[in-house]
Amino acid sequence: MEETNVISITRPTTEFNSIEQEDDNNGHVDIEMSDAQDKSNSIVTPGELITEDPIWMKGHGTYFLNDKTYSSVAGNISRVNRLLSVIPLRGKYSPETGDHVIGRITEVGNKRWKVDIGAKQDAVLMLGSVNLPGGVLRRKSESDELQMRNFLKEGDLLNCEVQTIFNNGMASLHTRSLKYGKLRNGIFLKVPSSLIVKSKNHAFDLPGNVSIVLGSNGYTWLYKTPKATKSSESSAPGITRLEEESSWEIYSDKNEFIDVQTRNNIAKYYNILKSLAAKEQKINSEVLIEAFDY
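Predicted model only: the values in this text are computed from it and were never measured.

What counts and what doesn't
- Residues numbered from 1 in each chain as written.
- Predicted model: local features only at pLDDT ≥ 70, side-chain atom pairs only at ≥ 80, totals over all residues.
- Heavy atoms only, no water.
- Core = buried A, V, L, I, M, F, W, Y, C linked by side-chain atoms within 4.5 Å.
- Buried < 20%, exposed > 50% of the residue type's maximum accessible area, 1.4 Å probe, protein only.
- Helix = DSSP H or I, 4+ residues; strand = E, 2+ residues; numbered from the N terminus.
- Contact = heavy atoms within 4.5 Å.
- Pairing = 2+ DSSP bridges.
- Axes fitted to C-alpha atoms, helices over the stretch in contact; angles between N-to-C directions.
- Phe/Tyr/Trp six-rings, centres within 6.5 Å; stacked < 30°, edge-to-face > 60°.

Caption draft 1: Examining the nonpolar core more closely. The biggest cluster of nonpolar side chains holds 22 residues, and the ones touching the most others in it are Trp113, Ile117, Leu125 and Leu173. Elements that contribute at least two residues to this core include exactly strand 10 (100–108), strand 11 (112–116), strand 12 (123–126), helix 3 (148–151), strand 13 (157–165) and strand 14 (171–174). With residues near it in sequence (within four places) discarded, Leu173 still touches Val101, Val115, Ile117, Ala123, Val124, Leu125, Ser129, Cys160, Glu161, Val162 and Gln163. Counting residues in each nonpolar core, the second largest holds 19 residues, with Leu206, Ile212, Leu273 and Leu276 among its members.

Caption draft 2: Structural detail: the sheet that holds strand 17 (residues 203–206). Ordered by their spatial adjacency, 4 strands build an open sheet running 16-19-18-17, and the pairing between neighbours is antiparallel. Every interior strand has two partners, whereas the edge strands, strand 16 (186–190) and strand 17, have only one. Put simply, the sheet's adjacent strands are angled 20° from each other on average, direction ignored. Both strand 16 and strand 19 (residues 219–224) contribute to a ladder of 5 bridges, which runs antiparallel. Across the sheet, residue Gly186 finds its bridge partner in strand 19, namely Tyr223. The strands touched by helix 5 (residues 260–278) are strand 16, strand 17, strand 18 (210–214) and strand 19; relative to strand 19, the strand with the most contacts, the crossing angle is about 160°.

Caption draft 3: Structural context of the packing of aromatic side chains. Tallied over the entire structure, the rule returns 4 aromatic pairs. Measuring from centroid to centroid gives 5.4 Å for Phe151 and Tyr251, while their planes differ by 50°, and the two rings are tilted. On the criterion of sequence distance, the pair formed by Phe151 in helix 3 and Tyr251 in the loop between helix 4 (241–245) and helix 5 is long-range, its members being 100 residues apart. On the basis of relative accessible area, Phe151 is assigned to the buried category, the value being 2%. The exposure class of Tyr251 is buried, given its relative accessible area of 9%.

Okay, here's the thing in structure tokens:
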């Protein structure tokens, strides 16, 4: 009888569990993962074991079972001190305070608007969190509440900032700045929020008389660069620039005339954004300018 070779298959052990604990002078414990794991920024899949050490705290994208931490989404492992999280490769946008986002009005309610920002649930924009005609410092009256649909109605797009996050995860927005408000004279495009590079500024003037707002939620707006406005020094005495521009014009639905060359430039940037999203490349102003001049 011929002898057959027996092939044994063993599952490779993950290097994630090889952590070192070093006590510093203050008695704190510093936890470090292996160098291989830090360099790889490894991708995990749902249900995959991340670590068997119970010392790690459960963060977003993970769950705890039998003293072991597993991934609940497909994404990259993120470590902050003892907190383990998994940043999903794709999924709904998760709002954070201070995010510059673009939203679409979905409902006009009692002293508030509901806004779609691509999150798990609609955000809310309170009547007291917007600039209204007549000055930003005036009190909001009952007549303002009755005219809410004249300011913003269903389907309108607006540029805003996440003011706070409620306990249930719903975001509260505000537009108390000249760089925020209703969007006109352009075109909307949605890309994955994970591709938007977060920075201090998300609104840029690009070559070709085109401006862009790269919302942290993946909603982008390409539009004609507006003409320079008068400075506050040239305004009438006692009237600030914010009060001067808080007029009915900022809530107008009428678009300006856009020349053919500017339209072509907007279309070119639009196609660049679609190409970058299809190739899953990071998106920021530098990449767009480089691709436009290519």
